[in-house]
Amino acid sequence: MVPVVDMTREEFEDAVRDALDEIPPELAAMMDNVVVLVEDDAPADDPELLGLYEGTPLTERGEFWAAGSLPDRITIYRNPTLALCEDRDDVVEEVAVTVVHEVAHHFGIDDDRLHALGWG
(Lines give C-alpha, C1' and ligand atoms only; values in the text may rest on other atoms or scores of the structure.)
Protein backbone atom coordinates (compact mmCIF):
# COMPACT_ATOMS: atom_id res chain seq x y z
CA MET A 1 0.00 0.00 0.00
CA VAL A 2 1.60 3.23 -1.17
CA PRO A 3 1.11 6.28 1.07
CA VAL A 4 -0.61 9.24 -0.59
CA VAL A 5 0.19 11.67 2.22
CA ASP A 6 3.83 12.26 3.16
CA MET A 7 3.99 12.16 6.96
CA THR A 8 6.90 10.96 9.05
CA ARG A 9 6.38 8.28 11.65
CA GLU A 10 7.02 10.88 14.36
CA GLU A 11 4.34 13.19 12.94
CA PHE A 12 1.92 10.26 12.71
CA GLU A 13 2.67 9.24 16.31
CA ASP A 14 1.98 12.84 17.33
CA ALA A 15 -1.43 12.59 15.64
CA VAL A 16 -2.15 9.39 17.60
CA ARG A 17 -1.05 11.07 20.85
CA ASP A 18 -3.25 14.06 20.09
CA ALA A 19 -6.22 11.75 19.44
CA LEU A 20 -5.62 10.00 22.77
CA ASP A 21 -5.47 13.40 24.49
CA GLU A 22 -8.97 14.12 23.15
CA ILE A 23 -10.47 11.21 25.08
CA PRO A 24 -12.46 12.68 27.97
CA PRO A 25 -10.44 12.41 31.21
CA GLU A 26 -13.15 10.39 32.96
CA LEU A 27 -12.95 7.74 30.21
CA ALA A 28 -9.16 7.81 30.00
CA ALA A 29 -9.00 7.18 33.75
CA MET A 30 -11.09 4.04 33.26
CA MET A 31 -8.78 2.57 30.62
CA ASP A 32 -6.98 -0.32 32.26
CA ASN A 33 -3.95 -2.37 31.24
CA VAL A 34 -3.88 -1.23 27.61
CA VAL A 35 -1.02 0.00 25.44
CA VAL A 36 -1.36 2.00 22.22
CA LEU A 37 1.17 1.30 19.49
CA VAL A 38 1.89 2.56 15.99
CA GLU A 39 3.00 0.12 13.29
CA ASP A 40 3.81 1.03 9.71
CA ASP A 41 1.98 -1.83 8.03
CA ALA A 42 -1.22 -3.70 8.77
CA PRO A 43 -1.21 -7.51 8.92
CA ALA A 44 -0.67 -9.18 5.54
CA ASP A 45 -4.12 -10.80 5.69
CA ASP A 46 -5.82 -7.37 6.03
CA PRO A 47 -3.49 -4.77 4.45
CA GLU A 48 -6.09 -1.96 4.49
CA LEU A 49 -6.75 -2.23 8.24
CA LEU A 50 -6.36 1.13 10.00
CA GLY A 51 -6.45 -0.05 13.60
CA LEU A 52 -6.77 -3.17 15.71
CA TYR A 53 -7.76 -3.89 19.30
CA GLU A 54 -6.38 -7.10 20.78
CA GLY A 55 -7.27 -8.09 24.30
CA THR A 56 -10.11 -8.63 26.72
CA PRO A 57 -12.64 -5.79 26.84
CA LEU A 58 -13.30 -4.30 30.26
CA THR A 59 -16.86 -5.65 30.13
CA GLU A 60 -15.57 -9.25 29.81
CA ARG A 61 -12.90 -9.25 32.49
CA GLY A 62 -13.69 -11.59 35.32
CA GLU A 63 -12.39 -11.78 38.86
CA PHE A 64 -9.28 -13.75 37.85
CA TRP A 65 -8.58 -11.90 34.60
CA ALA A 66 -5.53 -9.96 35.84
CA ALA A 67 -3.58 -13.03 36.97
CA GLY A 68 -0.77 -13.11 34.43
CA SER A 69 -2.59 -11.09 31.77
CA LEU A 70 -0.54 -9.10 29.29
CA PRO A 71 -1.73 -5.58 28.48
CA ASP A 72 -4.38 -5.19 25.82
CA ARG A 73 -3.01 -3.72 22.60
CA ILE A 74 -4.40 -1.03 20.36
CA THR A 75 -2.38 -0.76 17.18
CA ILE A 76 -2.82 2.09 14.71
CA TYR A 77 -1.44 1.38 11.23
CA ARG A 78 0.39 4.27 9.57
CA ASN A 79 0.76 3.30 5.89
CA PRO A 80 -2.85 2.19 5.28
CA THR A 81 -4.04 5.43 6.91
CA LEU A 82 -1.70 7.55 4.78
CA ALA A 83 -2.81 5.67 1.65
CA LEU A 84 -6.49 6.29 2.42
CA CYS A 85 -6.23 10.00 3.19
CA GLU A 86 -5.88 12.94 0.83
CA ASP A 87 -4.01 15.41 3.07
CA ARG A 88 -2.64 15.90 6.58
CA ASP A 89 -5.91 17.20 7.98
CA ASP A 90 -7.62 14.08 6.65
CA VAL A 91 -4.96 11.93 8.35
CA VAL A 92 -5.47 13.68 11.69
CA GLU A 93 -9.25 13.20 11.43
CA GLU A 94 -8.95 9.53 10.38
CA VAL A 95 -6.49 8.80 13.19
CA ALA A 96 -8.88 10.37 15.71
CA VAL A 97 -11.78 8.23 14.43
CA THR A 98 -9.63 5.08 14.44
CA VAL A 99 -8.37 5.72 17.98
CA VAL A 100 -11.92 6.27 19.26
CA HIS A 101 -13.06 3.11 17.45
CA GLU A 102 -10.34 0.93 18.99
CA VAL A 103 -10.68 2.46 22.47
CA ALA A 104 -14.41 1.73 22.25
CA HIS A 105 -13.55 -1.94 21.70
CA HIS A 106 -11.50 -1.80 24.92
CA PHE A 107 -14.70 -0.67 26.65
CA GLY A 108 -16.64 -3.57 25.11
CA ILE A 109 -18.46 -1.68 22.35
CA ASP A 110 -18.73 -3.83 19.23
CA ASP A 111 -18.62 -2.79 15.56
CA ASP A 112 -22.39 -2.90 15.12
CA ARG A 113 -22.91 -0.44 17.98
CA LEU A 114 -20.07 1.78 16.74
CA HIS A 115 -21.65 1.90 13.28
CA ALA A 116 -25.01 2.79 14.84
CA LEU A 117 -23.30 5.62 16.72
CA GLY A 118 -21.64 6.90 13.53
CA TRP A 119 -18.11 5.70 14.35
CA GLY A 120 -17.98 2.85 11.85
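Parameters and conventions
Residues numbered from 1 in each chain as written. Predicted model: local features only at pLDDT ≥ 70, side-chain atom pairs only at ≥ 80, totals over all residues. Heavy atoms only, no water. pLDDT = per-residue confidence, 0-100. Helix = DSSP H or I, 4+ residues; strand = E, 2+ residues; numbered from the N terminus. Buried < 20%, exposed > 50% of the residue type's maximum accessible area, 1.4 Å probe, protein only. Polar contact = N/O pair within 3.5 Å; in protein donor to acceptor, adjacent residues only side chain to side chain. Patch = residues over 30% accessible without salt bridge, like charges linked within 9 Å, V, L, I, M, F, W, Y side chains within 5 Å. Areas by Shrake-Rupley, 256 points an atom, 1.4 Å probe, with all protein chains shown as cover. Salt bridge = Lys/Arg side-chain N within 4 Å of Asp/Glu carboxyl O. Lys, Arg positive; Asp, Glu negative; His and termini not counted. Charge placed at Lys NZ, Arg CZ, Asp CG, Glu CD. Expected span 1.5 Å × (residues − 1). Arc of directions from axis to C-beta. Contact = heavy atoms within 4.5 Å.

**Focus: the confidence of the model for the protein chain**
Right, so step 1: On average, residues of the protein chain score 90 in pLDDT, and 92% of them are at 70 or above.
Right, so step 2: Here helix 5 (residues 111-116) stands out as the least confident element of the protein chain, with mean pLDDT 84; helix 1 (residues 9-21) is the most confident, with 97.

**Describing the side chain of His101**
Right, so step 1: Here His101 is to be found in helix 4 (residues 88-106).
Right, so step 2: Under the relative-accessibility criterion, His101 is labelled buried at 13%.
Right, so step 3: Of the polar contacts made by the side chain of His101, one reaches the side chain of His105; its length is 3.1 Å.

**Regarding a negative patch on the surface**
Right, so step 1: A contiguous patch of negative charge, built from Glu86, Asp87, Asp89 and Glu93, is present on the exposed surface.
Right, so step 2: Note on Asp89: relative accessible area 64%, which makes it exposed.

**Quick look at helix 1**
Right, so step 1: Under the 1.5 Å per step criterion, the end-to-end length of helix 1 is 18 Å for 13 residues, consistent within 8% with the ideal 18 Å.
Right, so step 2: Within the sequence span of helix 1, burial applies to Phe12, Ala15, Val16 and Ala19. Summarising the axial view, the buried residues of helix 1 lie within an arc of 95°, below the 170-degree limit, and thus occupy one face. Those residues of helix 1 that are exposed and aimed more than 90 degrees away from the buried face are Glu10 and Asp21.
Right, so step 3: Those residues of helix 1 hidden inside the fold are in contact with strand 1 (34-39), strand 3 (72-77), helix 3 (78-84) and helix 4.

**Things to note about the environment of Ala42**
Right, so step 1: Tracing the backbone through its elements, the reader meets Ala42 in the loop between strand 1 and strand 2 (51-54).
Right, so step 2: On the accessibility criterion, Ala42 (13% relative accessible area) is buried.
Right, so step 3: For the pair Ala42 and Glu102, spaced 60 residues apart in sequence, the C-alpha separation works out to 14 Å.
Right, so step 4: Not counting residues within four places of it along the chain, the set of residues in contact with Ala42 comprises Pro47, Leu49, Tyr77 and Pro80.

**Overview of the pattern of salt bridges**
A side chain of one charge can pair with a side chain of the opposite charge if their charged atoms are brought near each other.
Right, so step 1: The final tally for this structure, using the stated rule, is eight salt bridges.
Right, so step 2: In this structure, Arg9 and Glu13 form a salt bridge, with 3.0 Å as the shortest nitrogen-oxygen distance. With a gap of four residues between them, Arg9 and Glu13 both fall in helix 1, about one helical turn apart.
Right, so step 3: The class of Glu13 is partly exposed, set by a relative accessible area of 25%.

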